[in-house]
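Structure assessment
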Amino acid sequence: MSGLRVQQRDLQEAAALERRRQSELQRQGRIFNARVRTIGVDKDALDAQVKDRKFQEATEKARNEEFANEMKKNDKILCMLEERQKSNIRNINKAVSDFQKNFQKPETRREFDLSDPQALKKDRPARLSDNDPRCTVSGLQKFMGEDLNYAQRTKFQKEQLREWSLQQQREYKNALADQKYLDDLHDKNRIQLDQKTMEQQRIEERTRRAVCAATKDFNKSQAAELAERKRRDKRQKMKDDMDEISNLLQGDLLSENPDQAISSFGTHRVVTDRWKGMSQDQLMEIRSFQQQQVLEKQRLKEEERQRDAEWDRQTTQAARAQLILERHLERQNRERRQALDSINAQLSHEQKSRNIYLKEEEYSNCPTSQYFAQFNTTSR
């Protein structure tokens, strides 16, 4: 069993070694493959992308600022309108309160005497004389024909009614004048607020036009600069292309100079993208080395096969020896159990014999048994 575990561990180590070897070969194939390696990046294209990105960010920032200014303007107009509405409501409430305080006092009401808190203090007897104005019909103090001051009282009432009418007319005219004054003041404030709003709008319009003009000029300058840069890049590219074509025609690549493949790290290394192939001596050397590798691999496989056969033989021998040992131990255990069973049987037989002997001896020592034994002897 230990040989099997050793063999399994060796197989696992060999498999892990083979996996590492395959991964190393794959890595070398990726590293030394000239088609998939990256030589460099296009810096001009990256710079152009960066400039385009900056221009887009500047345009987006200008648009956002314009939106923010528009929102601020709308907020200002809304605040001004709200303030104007609150001011109008406050002025109207104040005018109503002043009018009630000045022209609608509780003392001027006709029914104030019914709710006058000083009525009891001012109260007098029901009738002092015939000219007492408090003697009304409901008081039952003075009846038709008993009034001596009828003409004077009638005249006084008419005069009082006339005064009340004139007073109401004056109050109405004053109220109209106050309302007109409030309306004129409201219109004046509204006109001033509208003028301020229009002035703010004109300022914002001029500012927006200036921003648009500046943006337009900036865009024109950027477009002109971009066109000039494109023309300059085009001329430079044409010049570079001509120089490249001239270098290629006169260089070692098209002339297939074998010395160009020699690496700067040593003569034993080559530049893969300039290499034109190996010589016959190199090919023969490689084929010879490959043949040696094939022979070495066959030798290693033969050694591995012999080692595996030896491991199998040793494993088989170990298993056979283990089986023989187990059978020998089983035989010894069986013989030992048989000997133990025979000893136990003999001891059981001796124990039974001893018990029978003890019972007979006990029976012979009993008085009743002695009487029967004597009776048997006498009868004989």
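Just so we're clear, the structure is a prediction, and the values are computed from it rather than from any experiment.

The helix and strand tally for the chain stands at seven helices and two strands. Along its sequence from the N terminus, the chain presents helices and strands in the succession α-α-α-α-α-β-β-α-α. Counting all 380 residues of the chain, 6% fall into the buried class. If you take every contact in the chain between residues at least 6 apart in sequence, the share linking residues at least 24 apart comes to 37%. About 34,100 Å² of surface is accessible on the chain, with carbon and sulfur atoms providing 55% of the total.

Put simply, the chain has an average pLDDT of 81, and 80% of its residues get 70 or more. Long-range and interchain partners of residues 375-380, a stretch whose pLDDT sits below 50, account for zero contacts in this model, where long-range means more than four residues apart.

Here the focus is the packing of aromatic side chains. The full count for this structure, using the stated rule, is one aromatic pair. Consider the rings of phenylalanine 99 and phenylalanine 103, whose centres lie 5.2 Å apart with planes at 40°: the pair is tilted. With a gap of four residues between them, phenylalanine 99 and phenylalanine 103 both fall in helix H2 (residues 43-103), about one helical turn apart.

Mapped onto the secondary structure, aspartate 116 falls in the loop between H2 and helix H3 (119-122). Owing to a relative accessible area of 15%, aspartate 116 belongs among the buried residues under this scheme. A polar side-chain atom of aspartate 116 sits 3.2 Å from the main-chain amide nitrogen of glutamine 118.

Let's shift gears to the pattern of salt bridges. Tallied over the entire structure, the rule returns 17 salt bridges. Close ionic contact of glutamate 18 with arginine 21 constitutes a salt bridge, the shortest N to O distance being 2.4 Å. Linking glutamate 18 with arginine 21, this pair stays in helix H1 (residues 2-31), spanning three residues, or about one helical turn. Its salt-bridge partner being glutamate 199, residue arginine 202 comes within 2.4 Å of it at the nearest N-O pair.

Attention shifts here to a positive patch on the surface. A cluster of like positive charges, contributed by Lys51, Lys54, Arg232 and Arg235, occupies part of the molecular surface. Those elements giving two or more residues to the positive patch turn out to be H2 and helix H4 (150-250). A relative accessible area of 43% means that arginine 232 is categorised as partly exposed.

Once that is clear, we can look at a nonpolar patch on the surface. A contiguous nonpolar surface patch, about 340 Å² in accessible area, is contributed by Met242, Ile245 and Leu249. Inspection of the secondary structure assignment puts leucine 249 in helix H4.

Moving on, we come to H4. Compared with the 150 Å implied by 1.5 Å per residue over 101 residues, the 145 Å span of H4 between its first and last C-alpha is a close match. Those residues of H4 not exposed but buried are Leu193, Thr197, Glu204 and Arg229.

What counts and how
Just so you know, the residues in each chain are numbered from 1, in the order the chain's sequence is written. Selection of residues for local features in this predicted model requires a pLDDT of at least 70, selection of side-chain atom pairs for listing and counting requires 80 or more, and totals for whole chains, interfaces and linings are taken over all residues. With hydrogens and water excluded, all non-hydrogen atoms of the structure serve as input to the side-chain values. Runs of E in the DSSP output that reach at least two residues are strands. Runs of H or I that reach at least four are helices, and both are numbered from the N terminus. Burial classes: relative accessible area under 20% of the type maximum marks a residue as buried, over 50% as exposed, and values in between as partly exposed (1.4 Å probe, protein chains only). Here a residue-residue contact requires only that any non-hydrogen atoms of the pair lie within 4.5 Å. Per-residue accessibility takes into account occlusion by the displayed protein chains alone, with areas from the Shrake-Rupley method and a 1.4 Å probe. Each residue carries a pLDDT score, the predictor's own confidence in it, on a scale running from 0 to 100. Stacked, tilted and edge-to-face pairs are distinguished by plane angle, under 30 degrees for stacked and over 60 for edge-to-face with tilted covering the rest, among Phe, Tyr and Trp rings (Trp via its six-membered ring) whose centres lie within 6.5 Å. Contacts described as polar in this section are N or O atom pairs within 3.5 Å, which, within protein, must combine one atom able to donate a hydrogen with one able to accept it, while residues neighboring in sequence count only if both atoms come from side chains. Salt-bridge detection follows one rule: a side-chain nitrogen of Lys or Arg within 4 Å of a carboxyl oxygen of Asp or Glu. Exposure above 30% relative accessible area and the absence of a salt bridge qualify a residue for a patch, where like charges join within 9 Å and nonpolar side chains (Val, Leu, Ile, Met, Phe, Trp, Tyr) within 5 Å. Charged residues are defined here as Lys and Arg on the positive side and Asp and Glu on the negative side; His and the ends of the chain fall outside this count. Taken as the charge centre is NZ of Lys, CZ of Arg, CG of Asp or CD of Glu, depending on the residue. Take the residue count of a helix, subtract one, and multiply by 1.5 Å to get its expected span.

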